[in-house]
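Residue-level structural notes
This is what each chain is made of:
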Amino acid sequence: HRPREKPFTLKEARLLTIETRWQGLACLETASSYSQDVVQFFGEDTPLETITMLRVKELREYLKGRGNSPGTINYKVSTLSSMFNDAAEYEQISDVPKLPKRLRMDNTKHRYLSMEEEMAFKELFGLFGFPMYVDLVTFLVETGCRFSEAQRAITAHVNTRDRKSTRLNSSHTVISYAV
């Protein structure tokens, strides 16, 4: 393996990681998007080896200023970490720098639809001829169920006869029925 004539760039590192790590995985779209944010911050022609812990801290502050949550910031920095590790594994850089510790996360956000918002959704779906979505909005609001949980729900999950709580698959939502 002969030495590179030009430094391995962030753009090249991103493409390598997409191809060797994320391709074919469920995370591809998110990791690709988040890693693009990292590339845009530093610049695609930036030599990967010139990115230091201090610069990564600047990236985190920039992302914080743009309203990214700590979890999202950690994910975006982890895409950079993957790029460093893959570049080193494929002998494109000699060392993987130490990165800052992950940010503490408290991503708990409780946002509920107001009665007006709920009614507006139902009215809109009704006007456009989607009555099944009116029912879906009612189900989601009344149960606190996540959309993805509602998608996975099947009639076997519902026990209206005994009026017992049930857990949708291995989800977080427990539904207590008051039928």
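Attention shifts here to the overall build of the chain. Within the chain, the regular secondary structure consists of seven helices and two strands. Taken from the N to the C terminus, the helices and strands of the chain come in the order α-α-α-α-α-α-α-β-β. Looking at the chain as a whole, 30% of its 179 residues are labelled buried. Considering only contacts within the chain whose residues lie at least 6 apart along the sequence, 55% involve residues at least 24 apart. Carbon and sulfur atoms provide 53% of the accessible area of the chain, an area that totals close to 12400 Å².

Taking 1.5 Å of rise per residue, 13 residues should cover 18 Å, and helix α6 (residues 131–143) covers 19 Å from first to last C-alpha, within 8% of that figure. Immediately downstream of α6, the backbone of glycine 144 shows phi near 75 degrees, a positive value.

Another point: the nonpolar core. With 21 residues, the main nonpolar core has Phe8, Leu10, Phe42, Leu48, Ile51, Leu80 and Phe84 as its most contacted residues. Counting only elements with at least two residues in this core, the list comes to α1 (10–22), α2 (28–42), α3 (53–65) and α4 (70–89). Those residues in contact with isoleucine 51, other than ones at most four positions away along the chain, are Leu10, Phe42, Thr46, Val56, Leu80, Phe84 and Pro97.

Inspection of every chain in the model, using the stated rule, returns six aromatic pairs. With centroids separated by 6.3 Å and ring planes inclined at 25 degrees, the aromatic side chains of phenylalanine 121 and phenylalanine 125 adopt a geometry described as stacked. Here the residue phenylalanine 121 and the residue phenylalanine 125 both occupy positions in helix α5 (residues 115–127), the gap between them amounting to four residues, near one helical turn. In this structure phenylalanine 121 comes out as partly exposed when scored by relative accessible area, which is 38%. Centre to centre, the rings of phenylalanine 125 and tyrosine 133 are 5.3 Å apart; their planes meet at 50 degrees, and the pair counts as tilted. For phenylalanine 125, a relative accessible area of 23% gives the class partly exposed. One aromatic cluster in this structure is built from Phe121, Phe125, Phe130 and Tyr133.

Moving on to the pattern of salt bridges. Within the structure shown, the criterion is met by five salt bridges. Salt-bridge contacts for aspartate 86 lead to arginine 21; the nearest nitrogen and oxygen are separated by 2.6 Å. In this pair, aspartate 86 sits in helix α4 while arginine 21 sits in helix α1, placing the two residues 65 residues apart along the sequence. Taking the relative accessible area as the measure of exposure, aspartate 86 reaches 4% and is therefore buried.

Attention now goes to the packing of α3 against α4. Packed helices, taken two at a time, are described by the angle between their axes plus the distance between the axes. Close contact between α3 and α4 brings their axes to 10 Å; oriented N to C, the two are set at 145 degrees. Both α3 and α4 take part in a crossing whose hand is right-handed. Residues Val56, Leu59, Arg60, Leu63 and Lys64 of α3 pack against Ile73, Lys76, Val77 and Leu80 of α4.

So, about the environment of valine 77. Looking at the element boundaries, valine 77 is found in helix α4. With 20 residues separating them along the chain, valine 77 and lysine 57 place their C-alpha atoms 9.5 Å apart.

Here α2 crosses α3 at 110 degrees, and the two axes come no closer than 11 Å. On the basis of the axis angle, α2 is roughly perpendicular to α3. By crossing handedness, the relation of α2 to α3 is classed as right-handed. Two secondary-structure elements touch here, α2 through Val38, Phe41 and Phe42 and α3 through Arg55, Val56, Glu58, Leu59 and Tyr62. Considering only residue class, the contact of α2 with α3 consists of six nonpolar, no polar and two charged.

Parameters at a glance
Residues numbered from 1 in each chain as written. Predicted model: local features only at pLDDT ≥ 70, side-chain atom pairs only at ≥ 80, totals over all residues. Heavy atoms only, no water. Helix = DSSP H or I, 4+ residues; strand = E, 2+ residues; numbered from the N terminus. Buried < 20%, exposed > 50% of the residue type's maximum accessible area, 1.4 Å probe, protein only. Contact = heavy atoms within 4.5 Å. Areas by Shrake-Rupley, 256 points an atom, 1.4 Å probe, with all protein chains shown as cover. Expected span 1.5 Å × (residues − 1). Core = buried A, V, L, I, M, F, W, Y, C linked by side-chain atoms within 4.5 Å. Phe/Tyr/Trp six-rings, centres within 6.5 Å; stacked < 30°, edge-to-face > 60°. Salt bridge = Lys/Arg side-chain N within 4 Å of Asp/Glu carboxyl O. Axes fitted to C-alpha atoms, helices over the stretch in contact; angles between N-to-C directions. Left-handed = near helix turned anticlockwise from the far one by under 90°. Parallel < 35°, antiparallel > 145°, perpendicular 65-115°, else oblique. Nonpolar A, V, L, I, M, F, W, Y, C, P; charged D, E, K, R; others polar.

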